[in-house]
Amino acid sequence: MKRFNNFIIGLQQDLKAFAFLIILLMVFRILFLLVFKSQLAGVATVDIVATLWYGFRLSLKTAGLMVFIGAVFSTIVQLLLPCWPAAKIRRYWHSLVVCVFTILFFARIPYYKIFNSGFNMMLINGIHDDWQAILATGVEEYQLLLRLPLAFAVAAVLIYFLLRLLRTKNWSAVKQTGTAVSLPEKTFAVTTKKMYCACAALVVFLPLFFVFIRFGASFNYAGSISWENAARLNSNLLNEAVLDDGQALYRVYISNRCLRETAGTNLTQAEIVKQISILGGDPQAATIEQAFSKKVVQAKMQQKPQQIVMIMGESYGVWPLLPEFVQLGLSAESEKLLQSPHSASVNTFLAHGTGTMPAINGYLTGLADAYLYENYQPESYKTGYATGLGKMMKDLGYKTVFWYGGFKDWQNLGDFVLAQNFDEFRCADEIKYAEGDAWGCPDEALFEHIEQYIGEHREEKIFHFIMTTSNHPPYTIDVAAKGFDKERVKNMLPDSIAGDDETLNELGHFWYSDHVMGLFVQKVEQKIPSALFIITGDHSERFSFKRAEDLRTLSVVPMIFYGQGVEKDWFQANKVGCPIQLIPTLMEMLGQPGQEYASILPSLFDEHFNKAFNHRLWACDGTLGELDQIDKQELPADQSKVLQKAQDIKKMALAAKKVTAWRVLKGNAIKIRQ
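Residues numbered from 1 in each chain as written. Predicted model: local features only at pLDDT ≥ 70, side-chain atom pairs only at ≥ 80, totals over all residues. Heavy atoms only, no water.

## Comments concerning the overall build of the protein
Which entries qualify depends on this criterion: Runs of H or I in DSSP of at least four residues are treated as helices and runs of E of at least two as strands, each being numbered from the N terminus. The cut-offs for exposure are 20% and 50% of the maximum accessible area for each residue type, with area from a 1.4 Å probe on protein chains only; residues under the lower value are buried, those over the upper are exposed, and the others partly exposed. The contact criterion used throughout is that any non-hydrogen atoms of two residues lie within 4.5 Å.
Across its full length, the protein carries 21 helices and 17 strands. Sorting the 674 residues of the protein into buried and exposed places 54% on the buried side. Put simply, 75% of the contacts in the protein that link residues at least 6 apart link residues at least 24 apart.

Here it is, written out as structure tokens:
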């Protein structure tokens, strides 16, 4: 009974601390917005409310972690050691937490003024900076001698209220006897049976509660919120306000860890030359890009398209085109393109990563996914990557325009795109639309805006890169009003997919994205008959309708070329590819014989190179597998050669990541170390 009573009291104390921290973080978030309220001019009230809601969900995770740590060293230990000073440890720990978060809040104000951001990777840079100069700047420019004592004073007041809260009476249990007695206030009587029932209920409830907090008011990853996807609003201030200081520091930690894991290869010149050789590059070259210099052999398209339109659909996987699902008609427009005599496709095309930004990074840099978040790296803003799509298209004489259905500030996308050889960046900020959500405008509004732009610039040679957003939670488009036949799809669903309304709504959004894309292609083709279209997806990992997905269903995205001059037999049925091969492919399609370009992998036209990889998968001759499972994978005897090729692909994938790390972190030159 004593242990049970100690646990019940400890649990109440932990919940008090949890509530206090949530309220504190929300108050700090509101104060942060008030300090910078001048930046909220023109911001809709609904966006501010959304900020507070997203922030509350994210802070559930922060407060939950802090309370969990405190509970482990107080409540949990006291279960084993009844005399353990749990109350004292809990008070000390949460007082420290309140003090730290208060100081962080006071530091965030000048930090945001300097960097227009909450805590970010500049913290890591600051570690290696001149600390004396930083300290002097803090004192002279940002009132450090005033702010720091004020932060401690405010923390002391907050700790006082926290301790007052923790000292309030808790409900405690006493053993029920057969004699009726008057119980003291805040006590309740329990029998041994009731105690065991309460323990059983807690065993069920607490894990569910932990999961709910872990995913930020959700029970799974699909509905969760994290620092990576929290930037959903059309305001940098609001996006930064969503993150509390704990989450902002976690952003720094994860970004730095990714960088350190890649940079931890400790590459020397000799090592990078070896990796270049593995990829078939020139080991004698002076720069990375010279090492992978190639020349156009013969242009595949004799008549050059006036405009090129590349559409990368959000979560646009190949699965609706597979035999098991094709009858649903979710990708009817893509099917039409595939059936056209003026189309060619790669049946096994790997996505660059499991998220939108990694996919964009792959096309804009032409480099492997080394978990570096190139959009945040300083090198990405010094020079344009010669292996990237923007540089290639400009060399081919095209004006480059990037279209995004979301907002400019998301993942630094606007600045990153313009730094990577794109002439224009256009997004939801400049589009009038209805039915949008936190991620941006509906695909239909985006395509209508682009169609109008193309009509006004039909005489120019332009390359359009389009990134859509609608096929993404929270799935707010009224797809039935757009023509989605829910009942027909429901009646044709295979047994592997549930027919509930939520699933059908998600399927409807895939249909909607494909439908409006197809209408857009038709309208542009009427305006510019010579236009070339490239249809693909950023990733397909969000597909989770089927109860058990194979790698093709889960991870492969379309790669469709459509337009005059495209030949049906360009690629064999077992052809495989990946995004960093698209860029040299376009050069081989459109370039002049002998024209030079840089690419770390051959084009899709190379018949002797039928292999591909991404961050975790390998593909060869139509076969798929996981890179880290190659040594464990068992294939039929007649496919033993494929497994041997997979071993080579794994070496190439690692070499590509190392080359990427060198290029992104150390620059283009291969420096000789004395």
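## Overview of the side chain of threonine 356
Inclusion rule: For the purposes of these results, a polar contact is taken to be a pair of N or O atoms within 3.5 Å, where, inside protein, one atom must be able to donate a hydrogen and its partner to accept one; residues adjacent in sequence count only when each atom of the pair is a side-chain atom.
Structurally, the position occupied by threonine 356 is in helix α13 (residues 356–365). Within polar-contact distance, the side chain of threonine 356 engages the side chain of glutamate 314 at 2.9 Å. Ignoring sequence-local partners within four residues, the contact set of threonine 356 consists of Glu314, Trp410, Met467, Asp538 and His539.

## Looking at the pattern of salt bridges
This is how it is decided: The rule for a salt bridge is simple: a side-chain nitrogen of Lys or Arg has to be within 4 Å of a carboxyl oxygen of Asp or Glu.
Applying the stated criterion to the full structure yields 20 salt bridges. Residue arginine 90 is joined to aspartate 14 by a salt bridge in which the shortest nitrogen-to-oxygen separation is 3.0 Å. On the criterion of sequence distance, the pair formed by arginine 90 in helix α3 (residues 86–115) and aspartate 14 in helix α1 (residues 2–35) is long-range, its members being 76 residues apart. Comparing arginine 90 with aspartate 14, the two get one shared label, buried. In this structure, glutamate 460 and lysine 399 form a salt bridge, with 3.6 Å as the shortest nitrogen-oxygen distance. With glutamate 460 in the loop between α16 (443–456) and β9 (462–467) and lysine 399 in strand β7 (residues 399–404), this pair connects stretches of sequence that are 61 residues apart. Bridged by salt links that share partners, the residues Lys399, Glu424, Arg426, Glu430 and Glu460 form one connected network.

## A closer look at a nonpolar patch on the surface
Put simply, the test is: Every patch collects residues that have over 30% relative accessible area and no salt bridge, joining them within 9 Å if they carry like charges and within 5 Å if they are nonpolar side chains (Val, Leu, Ile, Met, Phe, Trp, Tyr). A 1.4 Å probe and the Shrake-Rupley method give the accessible areas. Residues count as covered only by the protein chains that appear here.
On the surface, a nonpolar cluster with roughly 420 Å² of combined accessible area is contributed by Ile23, Val27, Ile30, Leu31 and Leu34. With respect to the helices and strands, isoleucine 30 occurs in helix α1.

## Digging into the sheet that holds strand β11 (residues 556–557)
Note the threshold: Strands are treated as partners if at least two bridges between them are detected by DSSP.
Pairing is mixed across the open sheet formed by three strands, whose spatial order is β11-β6-β13. Each edge of the open sheet is held by one strand with a lone partner, namely β11 and β13 (576–577).

## Thoughts on the side chain of serine 603
Tracing the sequence through the fold places serine 603 in the loop between β14 (596–598) and β15 (611–613). Relative accessible area serves as the criterion here: at 7%, serine 603 is assigned to the buried category. Of note is the side chain of serine 603, whose polar atom sits 3.1 Å from the backbone nitrogen of phenylalanine 605. Leaving out residues up to four positions away in the same chain, serine 603 has contacts with Gln581, Pro584, Thr585 and Glu588.

## Points about the environment of leucine 337
Mapping leucine 337 onto the fold places it in helix α12 (residues 332–339). Of the residues examined, leucine 337 reaches a relative accessible area of 8% and is grouped as buried. With 196 residues separating them in the primary sequence, leucine 337 and phenylalanine 533 have C-alpha atoms 9.8 Å apart. When neighbours within four sequence positions are excluded, leucine 337 is seen to be in contact with Ser343, Val521, Ile535, Ile560 and Tyr562.

## A few points about the pairing of strand β8 (residues 424–427)
What counts is decided by this rule: Here a crossover is taken to be right-handed if, once the strands point away from the viewer, the path from the first strand over the helix to the second is traced clockwise.
Where β7 lies against β8, four bridges are found, and the strand directions are parallel. The partner of phenylalanine 402 across the bridge, within β8, is phenylalanine 425. In this fold, β7 hands off to helix α15 (residues 413–419), which returns the chain to β8; that crossover is right-handed.

## Quick look at the packing of aromatic side chains
Test applied: Two rings from Phe, Tyr or Trp (for Trp, the six-membered ring) form a pair when their centres are within 6.5 Å of each other. A pair whose planes differ by under 30 degrees is stacked, one over 60 is edge-to-face, and the rest are tilted.
Summed over all chains, the structure comprises 34 aromatic pairs. Here the aromatic rings of phenylalanine 105 and phenylalanine 106 are separated by 6.0 Å at their centres, their planes lie at 85°, and the arrangement is edge-to-face. A relative accessible area of 8% places phenylalanine 105 in the buried class. Classification of phenylalanine 106 as buried rests on a relative accessible area of 15%. With centroids separated by 6.5 Å and ring planes inclined at 55°, the aromatic side chains of phenylalanine 209 and phenylalanine 210 adopt a geometry described as tilted.

## Examining the environment of glutamate 333
Looking at the element boundaries, glutamate 333 is found in helix α12. Glutamate 333 gets classed as buried once you look at its relative accessible area, which sits at 9%. Taking the C-alpha atoms as reference, glutamate 333 lies 6.1 Å from histidine 515; in sequence the two are 182 residues apart. Reaching out from glutamate 333, the side chain makes a polar contact with the side chain of glutamine 522 at a distance of 3.5 Å.

## With respect to helix α18 (residues 501–527)
Keep this limit in mind: Helix span, expected: 1.5 Å multiplied by one less than the number of residues in the helix.
For α18, with 27 residues, the first-to-last C-alpha span of 39 Å sits near the 39 Å given by 1.5 Å per residue. Among the residues of α18, the N-terminal cap falls to aspartate 500, whose side-chain oxygen and the backbone nitrogen of glutamate 502 are separated by 3.2 Å.

## Let's talk about the pairing of strand β16 (residues 617–620)
The alternating pattern of β16 places Leu617 and Ala619 and Trp618 and Cys620 on opposite faces, both of which are buried. Sheet analysis places β15 next to β16, joined by three bridges and oriented antiparallel. Bridging from a neighbouring strand, alanine 612 pairs with alanine 619 of β16. Linkage of β15 to β16, two consecutive antiparallel strands, is achieved through a turn of three residues. Note: β16 against strand β17 (residues 623–626), four bridges, orientation antiparallel. The residue of β17 that forms the bridge with tryptophan 618 is glycine 625.

## Observations concerning the nonpolar core
Keep this limit in mind: By convention a nonpolar core is built from buried Ala, Val, Leu, Ile, Met, Phe, Trp, Tyr and Cys residues, the set being connected through side-chain atoms within 4.5 Å.
By size, the foremost hydrophobic cluster in this structure holds 89 residues, and its most contacted members are Ile311, Ile466, Phe520 and Leu601. Examining the composition of this core, we find that 11 residues originate from one element, helix α21 (residues 640–665), more than from any other. Excluding its chain neighbours within four sequence positions, the residues that come into contact with isoleucine 311 are Phe447, Ile466, Thr468, Met517, Phe520, Val521, Ile534, Ile535 and Thr536.

## Quick notes on the environment of leucine 504
On the secondary structure map, leucine 504 appears in helix α18. What makes leucine 504 buried here is its relative accessible area of 1%.

## Focus: the sheet that holds β16
Applicable threshold: What counts as an axis is a line fitted to C-alpha atoms, over the stretch in contact for a helix, and the angles between N-to-C directions run from 0 to 180 degrees.
With antiparallel pairing, the three strands of this open sheet are ordered in space as β15-β16-β17. The open sheet has two free edges, formed respectively by β15 and β17, since each of these has just one partner strand. Averaged over all pairs of adjacent strands, the angle between strand axes in this sheet comes to 15°, irrespective of strand direction.

## Here we look at unusual backbone geometry
A positive phi angle, close to 65°, is found at alanine 217, a residue other than glycine. Its place among the elements puts alanine 217 in the loop between α7 (192–214) and α8 (236–242). Assessed through its relative accessible area of 23%, alanine 217 is described here as partly exposed. Look at glutamine 411: it is not a glycine, yet its phi comes out positive at around 55°. Of note, glutamine 411 is situated in the loop between β7 and α15.

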